[in-house]
Amino acid sequence: MLDPSLRHATVAILALSLGTIATSRQGVAEEAASFPSPEQLLQVPVGPTFPGGVRFPPPIKDPEADDPAAIQRGMQAFVSMNCVGCHAPNGGGGMGPALSERTFIYGREPANIYLSIQQGRPNGMPAWAKMLPANVTWDLVAYIRSISSAPETQWGQTTSRSPQSPTIQQVPAELLTTTTPWAHTEPFGDGRKPSMH
Amino acid sequence: MYRIAKIKPPSNGSDEGEGTLITIASNVLSNHVRSSILVLSGLIALSAPAFAQSPAAPNASPTNLDILSRDPNQWVMAPHDYANTRFSSLDQINAGNAAQLHLAWTFSVGADRGQEAAPLIVNNTMYVVAPYAGPHPNQVFALDATTGDLKWSYAPKPDGAAQGVACCDVVTRGLAYDQGKIFLNTLDNYSVAIDANTGKELWHTKLGDLNEGQTITMAPLVVKGKVLIGNSGGEVGVRGWLTALDENTGHIAWRAYSAGPDSDVLIGSDFKPFYDWLKGKDLGVKSWPPGAWKTGGGTMWGWISYDPALNLIYYGSGNPGPWNSNQRPGDNLWTTTIFARDVDTGAARWALPLNPHDLFDHDEINENVLLDLEIKGQLRKVLVHPARNGYMYVIDRATGEILSADPYDHITATTGVDLKTGRPIENEEKAPVLGKNIEDVCPAAPGAKDWQPTAWSPRTKLLYVPHQHLCMNFKTAQVGYIAGTPFVGAEVDMYAGPGGNRGEFMAWDVTEHKKVWAIRENFPVWTGTLVTAGDVAFYGTLDRWFKAVDARSGALLWQFRAGSGFVGQPVTYKGADGAQYVAILSGAGGWPAAVAAAKIDPRVRNAALGFVGATQDLPQYTSGGSELLVFKLAGSGAPQGNPSHANGAQLETGNAHAQ
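Residues numbered from 1 in each chain as written. Chains lettered and ligands numbered in written order. Predicted model: local features only at pLDDT ≥ 70, side-chain atom pairs only at ≥ 80, totals over all residues.

**Q** What should I look at first to understand the overall build of chain B in this one?
**A** On a plain count of helices and strands, chain B comes out with 7 helices and 40 strands. Looking at chain B as a whole, 62% of its 659 residues qualify as buried. Considering only contacts within chain B whose residues lie at least 6 apart along the sequence, 64% involve residues at least 24 apart. (Helix = DSSP H or I, 4+ residues; strand = E, 2+ residues; numbered from the N terminus. Buried ≥ 20, exposed ≤ 12 C-beta atoms within 10 Å, placed from the backbone. Contact = placed C-beta atoms within 7 Å.)

Here's what the structure looks like:
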């Protein structure tokens, strides 16, 4: 569970000026010196098709992919920057599309998600570049990649009443705060009250 | 206020007076009243084209639309009439023959999201509007109401970003009509006037800003030449208002905010709230932490009623923001408040907050049905408000006094309404504590009933109520305000209420304070309702059934399995062929059903502000849709002779080939 005092802390961070965020960022940025350059990001294609058979560079690796602390920071930013309001706790979607599935409208590679946050997207995603520095955005990417790792039992998705599919649901956020919600599932609820843990 | 006017030609410009009105007092319409309706509709049929040809007639009688709404052949405003009865005196379709209903024609509005809009029917033309999706968001279509032939369409210039700040799917609840003009609200905050005959744009006015989280979803209402429009965005910290536009120019005549200083709320010397705790200066500022009213919600995305005799409009304001009530100590006036306002100036006459310091997102934008009822031996001018908080309020509409407030669904959040103060009595066990999960809060965030409007029949004297039956887990969290982003601060997880059903369609006896019959539905009943003089009530379900039931017994008369779930508003009218038609849009969406139409994960219960918990299995029953369905009785209408190709297609035979 996320300690309530931690939540206060994230809001307090939000309340600080952007300048403060930028300052605190510098220390982090020095540690993680390997953020992709603007030139690299400019080359990132949104979709998978290339005219003329030309080859793009391989996808940029998430510089923080394997850092549990980055994923944890990403979860805090997801709440404090109100991402959670649109995309829902654990990224189930609502005003904004679900991030809990493995599919992303504007690309699922880390750099795609990074650019969707920074630039915004025309159908409702606001552009965060002036509010979120690179390191916070990469933290968010790490968290979003974590919550999007839905279990895959087949290539497509079957929806059915009998036999029932999907068969599982996540333990809901009001009962468990976690960076890995797909590691905590229970039988699909059919609109009934979730079992209390 | 259900009344039938004696006949006056609409062009004489006279106001209706008490002496010209007949109040329906008996359970059954007398033959005299029936014939009045027939004569009235005949006059309207003659005069309606004159309206259409002079769209901006400046000397038009202010009561034209009121009179027009009494013509049962048409359906000229979303709530049917200013009293919001949604009762039609047509009776060709009745409890005895409704089983013979069948499809007459259909039309696709081309946008597969929640279809909440009411079609309008004016002068044998049907006007429908699509949700904010597809290649032409909020496109308006004019169709021949008898044949379904497309006359024109109008596509506003869209800003796709609007869908990113619309809390609960990209819905619209409909259009408005007056004086030859159709009025459209777009999700991205434009009000547009369109020539009803040609589809030509007459004016457009921008009313709000997406970067402040504002959108518009409600159906406008035109009263005395003013287009009344409220904003949406109670989940984005939007400061709510109701705005009146001049219907001929689109210029703002007045704007009344729901919170802030009295000068902004249009509270002046003639403001006379009934309860003492509502008296005082600038309560819309003082009942909040410093400045919090500026991002405090109180939007207006529901229904407006109008009483011509009192010259008052009635509507309710939405929830305070954020949902996390711990961040806004105080009564948070004037959110979740029923307002009575002078329609000419917007000045508030009385106000009644139903959920002061709202804890659970219980907006009170639901319809206010204006009725003249005999209560304890006295004829009272009342409004009936089926509240989101689960109580059926009967309120004196002249004074704002609550006459009664009876629970109509399972309630744990409160234990009753104190009639001395007008305040609900809160259940301390369910009060939100920051960071703590509160279980079994009933009704859930969308309330016992949301925007989906009721209908009232003067024949049965029953109110027909479509509603949900849900409880929730509710856990508050601190949230910071960032303009244009959600301002919620709650993890919500809804589920079926006691008994396991998630919705209900029921008939409520307003004077006896009780349910007369109820139909339990598996899913929340999110459509509006229509009731007719044929004693048939209509509603639809999320699992794709459109139903006709006996208004007296609730017995199922007929049902139709459609392409997508229903969240729309059924209407009825008479075609040029003399047949009675019933129309509704099919297409799942809106807050409860976006999970079946949008990219939302049914395995994540807190998705869609927690509604997914309650409707996560809906994708097993339906996907999105966009189909207008129009029904009539088999064999009804003037004989059409042998079928012929209405579109000019010609059959070529073997002889033609030989030539």
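The rest of the description comes next.
**Q** Is there a simple way to think about the overall build of chain A in this case?
**A** What chain A contains, in helices and strands, is 7 helices and 2 strands. Of the regular secondary structure in chain A, the N- to C-terminal order runs α-α-α-α-α-α-α-β-β. A burial count over chain A gives 38% of its 197 residues as buried. Long-range contacts, defined as pairs at least 24 residues apart, comprise 60% of the intrachain contacts of chain A with a sequence gap of at least 6.

**Q** Looking at this structure, I do not really get the sheet that holds strand 17 (residues 305-307) of chain B. What am I missing?
**A** Strand pairing in a sheet takes place through backbone hydrogen bonds and is either antiparallel or parallel in direction. All names here are of chain B. Spatially, the 4 strands line up as an open sheet ordered 17-18-19-20, and their pairing is antiparallel. Two strands bound the open sheet, and with one partner strand each, they are strand 17 and strand 20 (348-353). If you compare each strand with its neighbour and ignore which way they point, the axes differ by 15 degrees on average. Where strand 17 and strand 18 (residues 312-316) come together, 3 bridges link them in antiparallel fashion. Bridge pairing in strand 18 links S305 to Y314. (Pairing = 2+ DSSP bridges. Axes fitted to C-alpha atoms, helices over the stretch in contact; angles between N-to-C directions.)

**Q** Looking at this structure, I do not really get the sheet that holds strand 4 (residues 101-108) of chain B. What am I missing?
**A** Residues and elements named next belong to chain B. With antiparallel pairing, the 4 strands of this open sheet are ordered in space as 4-40-39-38. Across the chains shown, the open sheet's two edge strands, defined by having one partner strand only, are strand 4 and strand 38 (571-574). Each adjacent strand pair in this sheet contributes to an overall mean axis angle of 25 degrees, direction not counted. Note that strand 38 and strand 39 (residues 580-586) share 4 bridges and pair antiparallel. When the bridges of strand 39 are listed, K574 appears paired with Q580.

**Q** Looking at this structure, I do not really get helix 5 (residues 590-597) of chain B. What am I missing?
**A** For the α-helix, the turn length of 3.6 residues means that residues three or four positions removed from each other point alike. Residues and elements named next belong to chain B. With 8 of 8 residues buried, helix 5 lies mostly within the body of the structure. Residues G590, W591, P592, A593, A594, V595, A596 and A597 constitute the buried set of helix 5. The inward-facing, buried residues of helix 5 abut helix 6 (612-615).

**Q** So what exactly am I meant to see when it comes to the nonpolar core here?
**A** Core analysis: the largest hydrophobic core is formed by 234 residues, its most contacted members being L120, L175, M472, A537, A593 and A608 of chain B. Among the elements that take part in this core, helix 7 (residues 134-147) of chain A stands out by supplying 8 residues, more than any other. For A537 of chain B, the residues in contact, after removing those within four places along its chain, are A455, Y464, T529, L530, V531, V549 and A551 of chain B. (Core = buried A, V, L, I, M, F, W, Y, C linked by C-beta atoms within 7 Å.)

**Q** Just to check I follow, could you spell out the interface of chain A and chain B for this structure?
**A** By a frequent convention, interface size equals the accessible area lost on bringing the separate parts together. Taken together, the contacts link 45 residues of chain A with 45 residues of chain B. Counting only elements with at least two residues in the side of chain A that touches chain B, the list comes to helix 1 (4-15), helix 5 (83-87) and strand 1 (168-170) of chain A. The element contributing the most residues to the side of chain A that touches chain B is helix 1 of chain A, with 6 residues. Here the residues of the side of chain A that touches chain B sort into 20 nonpolar, 18 polar and 7 charged. (Nonpolar A, V, L, I, M, F, W, Y, C, P; charged D, E, K, R; others polar.)

**Q** Is there a simple way to explain unusual backbone geometry in this structure?
**A** Backbone phi values are negative for most residues with the exception of glycine, while trans is the configuration of most peptide bonds. Residue P166 of chain A is bonded to the preceding S165 of chain A through a cis peptide linkage, with omega at 5 degrees. Mapped onto the elements, P166 of chain A comes out in the loop between helix 7 and strand 1. The linkage connecting G321 of chain B with the following residue, P322 of chain B, adopts the cis geometry, with an omega of -5 degrees. Position of P322 of chain B relative to the elements: it lies in the loop between strand 18 and strand 19 (337-342). At N82 of chain A, a position not held by glycine, the phi torsion is positive, near 70 degrees. Structurally, the position occupied by N82 of chain A is in the loop between helix 4 (68-80) and helix 5. A positive phi angle, near 55 degrees, is found at K461 of chain B, a position not held by glycine. Examined against the element boundaries, K461 of chain B turns out to sit in the loop between strand 28 (455-457) and strand 29 (462-468). The exposure class assigned to K461 of chain B is partly exposed, which follows from the 19 C-beta atoms found within 10 Å.

**Q** Please explain the pairing of strand 7 (residues 140-144) of chain B as it appears in this structure.
**A** Along any regular strand, the residues point their side chains to alternate faces of the sheet. Residue and element names in this part refer to chain B. Counting buried positions along strand 7 yields 4 of 5 residues, so the element is predominantly enclosed. As paired elements, strand 6 (residues 125-129) and strand 7 share 5 bridges and run antiparallel to each other. Following the sheet pairing, T125 is matched in strand 7 by D144. Pairing geometry for strand 7 and strand 8 (residues 150-154), over 4 bridges, is antiparallel. The residue of strand 8 that forms the bridge with F141 is S153. Adjacent in sequence and paired antiparallel, strand 7 and strand 8 are bridged by 5 residues, among which G148 carries a positive phi angle near 85 degrees.

**Q** Got a minute to help me understand the packing of helix 4 of chain A against helix 7 of chain A in this structure?
**A** Each pair of packed helices gets described by two things: the angle between the helix axes and the distance between those axes. Residue and element names in this part refer to chain A. Where helix 4 contacts helix 7, the two axes come as close as 7 Å, and the packing angle between them is 100 degrees. Viewed along their axes, helix 4 and helix 7 adopt a mutual orientation that is roughly perpendicular. Where helix 4 approaches helix 7, its residues A70, I71, R73, G74, M75, A77 and F78 are matched on the opposing element by V136, D139, L140, A142, Y143 and S146. Of the residues that constitute the contact of helix 4 with helix 7, the class distribution is 9 nonpolar, 2 polar and 2 charged. (Parallel < 35°, antiparallel > 145°, perpendicular 65-115°, else oblique.)

**Q** Would you take a moment to explain helix 6 (residues 110-119) of chain A for this structure?
**A** Residues and elements named next belong to chain A. Taking burial as the measure, the 10 residues of helix 6 include 8 buried ones, the bulk of the element. When helix 6 is considered as a whole, its buried residues turn out to be P110, A111, N112, I113, Y114, L115, S116 and I117. Once helix 6 finishes, G120 follows within two positions and takes phi at roughly 75 degrees, a positive value.

**Q** What should I look at first to understand the environment of A583 of chain B in this one?
**A** Residues and elements named next belong to chain B. In this fold, A583 is placed in strand 39. On the basis of neighbour counts, which here come to 28 C-beta atoms within 10 Å, the residue A583 falls in the buried class. Along the backbone, A583 and N522 are 61 residues apart, and their C-alpha atoms lie at a distance of 23 Å. Setting aside residues no more than four positions away along its own chain, A583 makes contact with P119, M126, V571, L628, L629 and V630.

**Q** What am I meant to see in the confidence of the model for chain B here?
**A** Interpreting fine coordinate detail is not advised for predicted regions of low pLDDT. Of the residues in chain B, 89% have a pLDDT of 70 or more, and the chain-wide mean is 91. Predicted complex metrics record ipTM = 0.88 and pTM = 0.89. (pLDDT = per-residue confidence, 0-100.)

**Q** What's the story with the packing of helix 6 of chain A against helix 7 of chain A in this structure? I'm lost.
**A** Residue and element names in this part refer to chain A. Orientation of helix 6 relative to helix 7, taken along the N-to-C sense of each, is 125 degrees, at an axis distance of 9 Å. In terms of their interaxial angle, helix 6 and helix 7 are classed as oblique. Helix 6 and helix 7 meet at a crossing whose hand is right-handed. Here P110, I113, Y114, I117 and Q118 of helix 6 lie close against helix 7, whose contacting residues are T137, W138, L140, V141, I144 and R145. Split by residue class, the contact of helix 6 with helix 7 holds 8 nonpolar, 2 polar and 1 charged. (Left-handed = near helix turned anticlockwise from the far one by under 90°.)

**Q** Teacher, can you tell me more about the pairing of strand 35 (residues 536-540) of chain B here?
**A** Residue and element names in this part refer to chain B. Most of strand 35 is tucked away, with 5 of its 5 residues classed as buried. Burial of strand 35 is two-sided: the residues V536, F538 and G540 facing one way and the residues A537 and Y539 facing the other way are all buried. Looking at chain direction, strand 34 (residues 530-532) and strand 35 are connected through 2 bridges and run antiparallel. Pairing of L530 across the sheet is with F538, part of strand 35. Remark: 3 residues form the turn of the hairpin made by strand 34 and strand 35, two consecutive strands paired antiparallel; D535 in that turn has positive phi of roughly 55 degrees. Note that strand 35 and strand 36 (residues 545-550) share 5 bridges and pair antiparallel. Considered in strand 36, the bridge of G540 is made with F546. Hairpin geometry of strand 35 and strand 36 is characterised by an intervening segment of 4 residues between the two adjacent antiparallel strands and by a positive phi of about 80 degrees at R544.

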